[in-house]
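Working through the structure, step by step
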Number of protein chains: 2
Amino acid sequence: MTRTETTHYFGAGPALLPTSVIKQAAEDLIEYQGSGLGLGEISHRSAPAVAVVDNTKSNIKQLLNVPETHEVFFLQSGGTGEFAAVAYNMLAAFAKKTGKKGKADYIVTGTWSQKAAEEAKRLGVDVNIVVNGKKSSPTGKYDRIPEPETWNAFGSAEDTAYVYYCDNETVNGVEFPYVPKVPEGVELVADMSSNVLSREVDVSKFGVIFAGVQKNIGIAGVAVVIIKKLLLEKPSDEELTALNIPLAPIVFDFPTLVKNNSLYNTLPIFNLHVVYLTTKLLLDNGGLEVQEAVSNKKAEKLYATLDSVPEGVFNLLVEKNSRSRMNIVFTVIGGGKEKEFLDGAKAKGMTGLSGHRSVGGIRISNYNAVSEESIDYVCSWIKEFAS
Amino acid sequence: MTRTETTHYFGAGPALLPTSVIKQAAEDLIEYQGSGLGLGEISHRSAPAVAVVDNTKSNIKQLLNVPETHEVFFLQSGGTGEFAAVAYNMLAAFAKKTGKKGKADYIVTGTWSQKAAEEAKRLGVDVNIVVNGKKSSPTGKYDRIPEPETWNAFGSAEDTAYVYYCDNETVNGVEFPYVPKVPEGVELVADMSSNVLSREVDVSKFGVIFAGVQKNIGIAGVAVVIIKKLLLEKPSDEELTALNIPLAPIVFDFPTLVKNNSLYNTLPIFNLHVVYLTTKLLLDNGGLEVQEAVSNKKAEKLYATLDSVPEGVFNLLVEKNSRSRMNIVFTVIGGGKEKEFLDGAKAKGMTGLSGHRSVGGIRISNYNAVSEESIDYVCSWIKEFAS
């Protein structure tokens with residue numbers, strides 16, 4: 001079990017994790033706390049398993065300064081599952097407050113927010129697309145966060161259950177540099193799957209933040225949800241059905257999950273433990289202020305390098321003020337040149353650089369576990385390739 | 001990373017796995033096939049990840065002799081999620097065939113089939129309880145599979161989408177010694193979460209078999225589904241809605257998952273890999289004929305030991321012909337005696353013997369990974385305690 005050399009891997013997810021975390025996780029998979037049993041083999045309701053839940057929750061609360069008004073919980077899910085879960089639960093919470101079936105506003109800035117809007121609509125949510133980054137762009141691509149002045153109006157607290165957006169679009173390399181401003185009383189929902197715990201966040205502004213963990217903080221199998229406690233009230237199933245609001249399968253019912261400390265059904269404790277280990281490392285390293293500075297520095301190095309290359313070599317697709325710090329996307333100009341770039345990188349030991357199958361091109365993912373050394377290494381290859 | 005001694009662990013799930021499997025999984029978590037990256041850190045769509053899906057599928061097909069009429073797939077789920085998933089998908093398949101919303105017959109023989117029936121009913125399924133083991137029993141407990149002659153009539157192929165049962169009730173220690181006979185044309189659905197791959201099964205008799213993997217073949221986070229291919233046809237979402245059939249969240253939509261080779265969304269590949277390793281071990285050891293003989297022998301030893309103890313010490317709760325080979329449940333007669341039994345076992349290094357929190361008592365789980373040595377060891381403690 002040697003993994004001593006630096007792995008220069010830039011895949012978009014599931015993605016690289018800190019070697020110290022992976023090694024500790026592997027030890028704990030074999031035997032946890034001297035019990036003769038690994039952490040994947042014990043009851044999710046046993047004391048050591050409950051401690052994993054409690055300690056991971058505590059780490060996330062500390063890292064994000066989660067206020068008393070909000071709760072943190074975990075479930076067996078990922079981003080795509082949460083597209084549905086959010087719709088069910090936000091409609092239920094709104095019905096509790098107003099007695100009505102609410103609408104939902106979606107800010108669509110890339111593949112994932114588009115999919116989230118489609119899933120909500122499919123499940124019967126009255127979806128209003130406040131803005132669509134692709135349609136707003138002269139390129140016809142998701143390459144920007146359109147100026148808020150150009151968006152359609154949000155609904156009001158009287159008719160709108162939530163406003164939804166994706167904080168970082170992994171496929172398109174578009175990230176919000178700010179938190180969207182929504183009308184007073186309307187709840188904001190954010191998908192932070194690919195930039196969670198890469199920067200500080202004012203949690204008080206959100207109704208719900210969710211993240212599949214497999215990009216920045218864990219291996220696939222678990223989602224983290226941070227929710228305003230007020231949104232955990234829901235009408236009876238009969239009332240919801242009468243309002244034509246679809247019921248969540250019980251495994252996606254947020255109030256049930258929170259009431260049971262994330263253990264209504266079998267939570268994959270081993271997978272959550274990896275999140276525990278990465279969040280502990282983040283805390284040990286000084287928390288999100290430090291991580292944000294590191295993430296920004298690495299992203300700035302990459303963009304500075306790409307911007308310094310003479311025109312005609314690369315095509316940087318995303319508008320400067322919408323550039324993702326997590327997923328840096330570009331194309332290589334000229335037939336066969338992209339393959340040349342990827343092959344050359346591979347020969348130097350750099351992998352995971354292909355763009356998403358739906359868009360192609362190059363994508364350099366700059367998650368927390370990608371070292372500055374790896375970023376420097378790919379930057380030197382970018383310069384070498386360009387010259 | 002030493003785990004050399006035999007661990008005498010009898011927990012009901014998540015449960016003990018073979019040490020060789022866990023050690024291999026831990027190595028692969030750190031670095032997979034010399035790539036410098038662990039198996040939790042690569043894209044679920046990369047070639048090595050797809051190979052995990054394909055090879056695990058192939059192993060299960062071999063082990064269960066899955067006929068050409070059926071497909072095997074995986075999803076991020078467990079038993080409780082499947083309670084809902086089965087309801088959505090079986091109703092959709094029936095609507096495709098008949099243009100109608102079907103009813104569902106539930107055979108309730110314990111905690112899990114009861115929960116499955118409740119979840120289906122909650123989601124709007126017209127649930128007919130064909131039999132309830134608790135109500136049929138003079139003890140008022142789930143302690144038997146009532147004789148089929150006493151069951152209410154099943155629905156017909158014209159009005160009933162499926163008949164549902166739980167092959168082994170983990171909490172109550174009740175297992176079917178046969179496959180329930182259902183009317184021609186009615187699909188049978190089985191929850192085999194806690195006895196999957198412990199014996200041979202005639203898959204052709206089933207519409208759907210599902211299993212959360214965390215008891216017999218893996219760590220929590222994945223469910224295995226075996227489905228008749230004919231059940232993968234469904235009407236449009238509009239037609240389903242018009243029939244008042246709830247739509248599955250896309251992550252639980254069987255046709256979508258199968259169409260995408262279990263990779264529509266991010267499957268927890270590392271968790272599936274553990275299933276690959278346990279199924280490979282089963283094949284290497286001679287397949288299910290061998291495993292069934294081993295499982296039966298271990299269970300027979302336990303029951304023979306318990307039956308040999310003079311009356312007044314233990315209370316074996318389950319009728320002889322319904323006894324589970326997987327979860328052997330009993331109570332210890334006399335105040336404080338149960339604690340004495342558990343404490344004595346613990347002092348000898350045996351753990352995981354407490355009954356489910358809802359029923360108490362003692363439960364010895366006899367999953368595939370529990371060695372005959374462990375069974376002999378607990379049998380000798382049972383004898384010592386009784387004498």
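Computed from a predicted model, the values in this text were never measured in an experiment. (Residues numbered from 1 in each chain as written. Chains lettered and ligands numbered in written order. Predicted model: local features only at pLDDT ≥ 70, side-chain atom pairs only at ≥ 80, totals over all residues. Heavy atoms only, no water.)

The interface is formed by 58 residues belonging to chain B together with 58 residues belonging to chain A. For the pair chain B and chain A, the summed buried area comes to about 4,600 Å², and 60% of that belongs to carbon and sulfur atoms. Inspection of the region where chain B meets chain A yields two salt bridges. Its salt-bridge partner being D237(A), residue R122(B) comes within 3.8 Å of it at the nearest N-O pair. The tally of links from chain B across to chain A stands at 13 residue pairs in polar contact (both at pLDDT 80 or more). Of all the secondary structure elements, the ones that give two or more residues to the side of chain B that touches chain A are α1 (19-30), α3 (79-98), α4 (111-122) and α8 (269-284) of chain B. Broken down by element, the residue count for the side of chain B that touches chain A peaks at seven residues, all from α1(B). (Contact = heavy atoms within 4.5 Å. Buried area = accessible area lost by both parts, 1.4 Å probe. Salt bridge = Lys/Arg side-chain N within 4 Å of Asp/Glu carboxyl O. Polar contact = N/O pair within 3.5 Å; in protein donor to acceptor, adjacent residues only side chain to side chain. Helix = DSSP H or I, 4+ residues; strand = E, 2+ residues; numbered from the N terminus.)

Let us look at the relation of the copies chain B and chain A. Copy one and copy two of the chain differ by a rotation about a common axis and a shift along it. Mapping chain B onto chain A calls for a rotation angle of 180° and an axial translation of 0.0 Å; the resulting RMSD is 0.0 Å. Between the two chains, the operation in question is that of a two-fold axis. Closest to the rotation axis within chain B is the C-alpha of A26(B), separated from it by 2.3 Å. Comparing interface residues between copies, 100% of those in chain B also lie at the interface in chain A; the contact surface is shared. (Least-squares fit on C-alpha atoms with pLDDT ≥ 70 in both.)

Moving on: the pairing of strand β8 (residues 187-191) of chain B. Looking along a regular strand, one sees the side chains alternate between the two faces of the sheet. Residue and element names in this part refer to chain B. Most of β8 is tucked away, with five of its five residues classed as buried. Judged by which residues are buried, β8 turns out to be covered on both faces: E187, V189 and D191 on one side and L188 and A190 on the other are all buried. By the bridge criterion, five bridges tie strand β5 (residues 160-166) to β8 in an arrangement that is parallel. Its bridge partner lying in β8, Y164 is registered against V189. Here β8 pairs with strand β9 (residues 208-212) via three bridges, running parallel. Looking at the pairing, A190 lines up with I209 of β9. (Buried < 20%, exposed > 50% of the residue type's maximum accessible area, 1.4 Å probe, protein only. Pairing = 2+ DSSP bridges.)

A few words now on the packing of helix α1 (residues 19-30) of chain A against helix α8 (residues 269-284) of chain A. Residue and element names in this part refer to chain A. Running from amino to carboxyl end, α1 crosses α8 at an angle of 140°, the nearest separation of the two axes being 10 Å. Here α1 and α8 pass one another in a crossing that is right-handed. In this structure, α1 contributes S20, V21, Q24, A25, D28 and L29 to the contact, and α8 contributes F270, H273, V274, L277, T278 and L281. Here the residues of the contact of α1 with α8 sort into seven nonpolar, four polar and one charged. (Axes fitted to C-alpha atoms, helices over the stretch in contact; angles between N-to-C directions. Left-handed = near helix turned anticlockwise from the far one by under 90°. Nonpolar A, V, L, I, M, F, W, Y, C, P; charged D, E, K, R; others polar.)

To continue, consider the domain arrangement of chain A. All names here are of chain A. Here the domain parsing of chain A yields domain 1 (47-283) and domain 2 (288-386). Taken over C-alpha atoms, the centre of domain 1 sits 28 Å from the centre of domain 2. On the domain 2 side, the residues contacting the 25 residues of domain 1 number 22 residues. Taking both partners together, domain 1 and domain 2 bury about 2,000 Å²; carbon and sulfur atoms supply 48% of that area. Inspection of the region where domain 1 meets domain 2 yields two salt bridges. Among the ionic pairs, E319 bridges to R144, the shortest N-O distance being 3.0 Å. Linking domain 1 with domain 2 are 13 residue pairs in polar contact (both at pLDDT 80 or more), by the criterion used here. Within the residue set of the side of domain 1 that touches domain 2, elements represented by two or more residues are α2 (47-64), β6 (168-169) and β7 (174-175). Of the residues belonging to the side of domain 1 that touches domain 2, the class tally is nine nonpolar, eight polar and eight charged. (Domains from an automatic or database assignment.)

Okay, α1(B) next. End to end, α1(B) covers 17 Å across twelve residues, agreeing with the expected 16 Å (1.5 Å per residue, within 8%). Among all positions in α1(B), only V21(B), I22(B), A25(B), A26(B), D28(B), L29(B) and I30(B) are buried. (Expected span 1.5 Å × (residues − 1).)

Strand pairing in a sheet relies on backbone hydrogen bonds, with the paired strands running either antiparallel or parallel. Residues and elements named next belong to chain B. Across the sheet, three strands lie side by side as β11-β12-β14; this open sheet has antiparallel pairing. The open sheet is flanked by β11 (314-316) and β14 (362-365), the only strands paired with a single partner. Along the sheet, successive strands turn relative to each other by an average axial angle of 30°, direction set aside. Direction of pairing for strand β12 (residues 327-332) relative to β14: antiparallel, over a ladder of four bridges. From the neighbouring strand, I328 faces β14, where its bridge partner is I364. The sheet strands contacting helix α9 (residues 288-308) are β11, β12 and β14, and the helix crosses β12 at an angle near 20°. Here helix α11 (residues 372-386) sits on the sheet in contact with β11, β12 and β14, set at roughly 130° to β11.

As a further point, take the packing of helix α10 (residues 337-347) of chain A against helix α11 (residues 372-386) of chain A. In a pair of packed helices, the angle between the axes and the distance between the axes together describe the arrangement. Residues and elements named next belong to chain A. Viewed as axis vectors pointing N to C, α10 and α11 meet at an angle of 135°, and their least axial separation amounts to 11 Å. If you check the angle between α10 and α11, you find them oblique. The chirality of how α10 crosses α11 is right-handed. Here K337, E340, F341, G344 and A345 of α10 come into contact with α11, specifically with W381, I382 and F385. Of the residues belonging to the contact of α10 with α11, the class tally is five nonpolar, one polar and two charged. (Parallel < 35°, antiparallel > 145°, perpendicular 65-115°, else oblique.)

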